[in-house]
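# Observations on chain architecture
What follows is the residue order along each chain.
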Amino acid sequence: MASTNSPAGPATGFNIWRLWTDERHRGILSQAIVVILVALALVWVADNTRTNLDNRGLDIGFDFLADPAGIGIGVSLIEYRSTDTWLRAMTVGLLNTVLVSALGIVAATAIGFAAGIMRLLPNWLIRTIIATWVEFTRNVPLLLQIIFWWTLLLSLPTVRETLRIGDSIFLNNSGITGPSPVFEPGASAVLIALAAGVAAAWAVLNWARKRQAATGERLPAGWIALGLIVLLPLAVYFASGEPISWDTPTANRFGRLRGGLTVTPELVALWFALSTYTGAFISEIVRAGILSVSKGQTEAAGSLGLKGWQTTRLIIMPQALRVIIPPLTSQFLNLTKNSSLALAVGFQDFVGIGSQAQNQTGQAIEIVFSWMVVYVSLSLLTSAFMNWYNARIALVER
Amino acid sequence: MSMQPFHRAQKDMLAERPPPATTTGTLGWLRENLFSNWFNTGLTLLALYLLWTIIPPFIDWAFIHADASGSTGRECTTEGACWAWLDQRIDQFLYGFYTASEYWRVNLTVILLIPALLPLLFDGIPCARQLRYFSLAYPVIAVFLLVGGIGLEAVPTSSFGGFMLNLAVGLSGIVLSLPVGILLALGRRSNLPAVRILCVMFIELVRGVPLITLLFTAAILLPMFLPENWSPDLVIRVIVVVTAFASAYMAEVIRGGLQAIPKGQYEAAQAMGLGYWQSMRLIILPQALKISIPGIVNTFIGLFKDTTLVFLIGLFDILGIARSLQQNQDWIGKVDAEGFLFTSLFFFIVCFSMSRYSLNLEKRLDTTNR
């Protein structure tokens, strides 16, 4: 910020030193230096890479994606055979990442809110137990927790000595097997009815809110909405001759299970560890959010005649959520990124399949590049959604 | 009911009576916190039952019926925990493959950390000024002690392992990511568009991807990016990417601190005739860093836990050593829970004390009146 106006009056003629002493010129000069340095570094790296690749006889390009992958994949949401291409294998991996992240986000939010609210209970013992659990879970590396749960699930009895919970849930060291829904023709009508029920419930709730704002009369809108969501699909279900049934797994003489849906120990361990770990962080966020609502709000709600649950739902939570949502977003992003630790237990998510592809094809640059593109896009998508939600619930200032 | 005429009046002040016994002391506390109503009582009983089913069996397993002698897992015959491996493996858990005769160097490095940290963490330490110079010199001393060189037997970084590797990667990441993070944060708020765009791109790219992909970059791609005869050791490469990773998060924490400084401070610094770097160094950063300390410590905690990920690219940190013990022929199936428990204690102690410190500091810095 040194002044260019020397006492002798404005400098005349071009002076190379003025490039540095004049703030505007200095800005441009230093940016030019930075850009040139970065560009030189990139060129240097590119040149090294080309030399190294040439020496090893490797080529850069995404052609390998069309080659058959030849790897088996345990859990796949779409149909996959080992003769399929790497592109398809990577898609399976991407879907697995999305699956684990989505499952984890739902469970972590539930665990986090439950634990956060329980830490505010008047019961000292419950508070202390939850606090101890939170501190232990937060301060131990997630990777260790994932491997721990995985080892625990692998030490379950073998297939021959499967544990049974109730009639239809089987536990052994190759997974947890439970009944799976079977959709027969006509099932789509039930699903459509369910969608219609949800839409109608939403409309009723909206209408009831507007009506209450206009007339002050309250309708039992919650019950009506619940009835619509439950009864409509049920009615269609029975009317169309019960087109959805449960496929219950059965065990043969050697304990081998037939039918049902098996969830592998890898997926369960990953899901459990991710959701408890992130849940512990979320519980702290929720607790801080609720505590940030001043006590006067609760007292004001009480003097308006609101009951305990109404106070929580109508007064405390809307204000707490404003504090909770932004850090919650970054926890969701962390969970999505942490799901890549699936690699440690051999659950084939996007990183896991990518690392297999890298092992077999040697196309490391392309694979690391695709990891970066995919994870940055997933992060942007999640934060775009959460920003939209945050804007919706934010305080409207006039 | 007719009103009775008022006969009696108290002339003297009554002596103060103690509050009912059920509202004070242990009994009062119990009533208030555990048995205030039927719901609360139910929760208390449930919690007590839960603790009863967990804690006594755990103590029984971990201590009372534990077996601590023998040289293989087969000699652990009791139903409790098998701690027999501790005797022969503890050095590996702590020092990895570090030369056994040089363990004292690792110990000294850890012991010297205490005087190096004290003046930075707490106020009112005697001769804090002199100690701060020691803190500045500590990284150099630590590297010299661990790696060796002039006068000390050289130990290759490839023999780093165990908890010492976690500490080495974690501490280097912490020490290096703070200055880099500060520069990135300043760059992100710079008026120069080229600098700002480069910093934003770096920060958002690094924060957008999982650490494991960056570690793969360190393991596989970095040797490809560098000239062939110029390939640093894997541990060094890991430290570089871990630093880059932590700096991006650090930059965001510090940016938060910078944004919280009122604009008047910037303007006042300009009015005093301070240049950009002077005003940052003397006016802005001291205030911004102070309010971002809790966030910085949280980043440190995350970084330290993340050092276990080096296990996934083939380094043997404490988790890697624990896994290799668990898969060892002599111990397989006998030391699963024990290995995890032992390893997690190290992280719990370090990370929990860091988080307590940060909480404490937050209270000390919080000057608002509630």
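Residues numbered from 1 in each chain as written. Chains lettered and ligands numbered in written order. Predicted model: local features only at pLDDT ≥ 70, side-chain atom pairs only at ≥ 80, totals over all residues. Heavy atoms only, no water.

### What about helix α6 (residues 187-215) of chain A?
Residues and elements named next belong to chain A. The line we're drawing: Each helix is a run of H or I in the DSSP string that is no shorter than four residues. Each strand is a run of E no shorter than two, and both are numbered from the N terminus. For a helix, the expected span equals 1.5 Å multiplied by the residue count minus one. Type-normalised accessible area, obtained with a 1.4 Å probe on protein chains alone, sets the label of each residue: buried when under 20%, exposed when over 50%, and partly exposed for intermediate values. In what follows, residue pairs with any heavy atoms lying within 4.5 Å of each other are defined as contacts.
With 29 residues, α6 extends 41 Å between its outermost C-alpha atoms, agreeing within 8% with the 42 Å of an ideal straight helix rising 1.5 Å per residue. Among all positions in α6, only A187, V190, A193, G197, A201 and A208 are buried. If you follow the buried residues of α6, they end up packed against β4 (180-183), α7 (221-239) and β5 (244-247). The first or second residue beyond α6 is G216, which carries a positive phi of 85 degrees.

### Details of the nonpolar core
Generally speaking, a soluble globular protein has its nonpolar side chains buried in company with each other. Using the following cut-off: The term nonpolar core refers to a set of buried residues drawn from Ala, Val, Leu, Ile, Met, Phe, Trp, Tyr and Cys, joined through side-chain atoms within 4.5 Å.
Formed by 151 residues in total, the largest nonpolar core has its most connected members in L143 of chain A together with Y98 and V238 of chain B. The element best represented in this core is helix α9 (residues 234-260) of chain B, accounting for 14 residues. Excluding residues within four positions of it along the chain, L143 of chain A makes contact with L341 and A344 of chain A together with T308, L309, F311, L312 and L319 of chain B. Counting residues in hydrophobic clusters, the runner-up holds 9 residues, among them A115 and I130 of chain A together with L43 and A47 of chain B.

### Focus on the sheet that holds strand β2 (residues 169-172) of chain A
Residue and element names in this part refer to chain A. Just so we agree on the cut-off: By definition, two strands form a pair when at least two bridges between them are found by DSSP. Structural elements are reduced to axes, namely lines fitted to C-alpha atoms, with helices fitted over the stretch in contact, and the angle between N-to-C directions of any two is expressed from 0 to 180 degrees.
A sheet is described by the order of its strands in space; here 4 strands give the open sequence β1-β2-β3-β8, paired in antiparallel fashion. Among the strands making up the open sheet, the edge pair consists of β1 (163-165) and β8 (261-263). The sheet shows a mean angle of 20 degrees between the axes of neighbouring strands, direction not considered. Bridging between strand β3 (residues 175-178) and β8 involves 3 bridges; their strand directions are antiparallel. For G178, the partnering residue across the bridge sits in β8 and is L261.

### Here we look at the pattern of salt bridges
When their charged atoms lie close together, side chains carrying opposite charge are able to pair. Here is the rule: We define a salt bridge as a side-chain nitrogen of Lys or Arg found within 4 Å of a carboxyl oxygen belonging to Asp or Glu.
Within this structure, the stated rule accounts for 12 salt bridges over all chains. Here D84 of chain A and R88 of chain A are joined by a salt bridge, their closest N and O atoms 3.7 Å apart. Between E252 of chain B and R188 of chain B there is a salt bridge, with the nearest N and O atoms lying 2.8 Å from each other. Of this pair, E252 of chain B sits in helix α9 while R188 of chain B sits in helix α6 (residues 162-188), and the two are 64 residues apart along the sequence. Each member of the pair E252 of chain B and R188 of chain B is classed as buried. Through salt bridges with shared partners, a single network forms among R188, E204, E252 and R255 of chain B.

In short, shape yes, function no, at least from these values alone.
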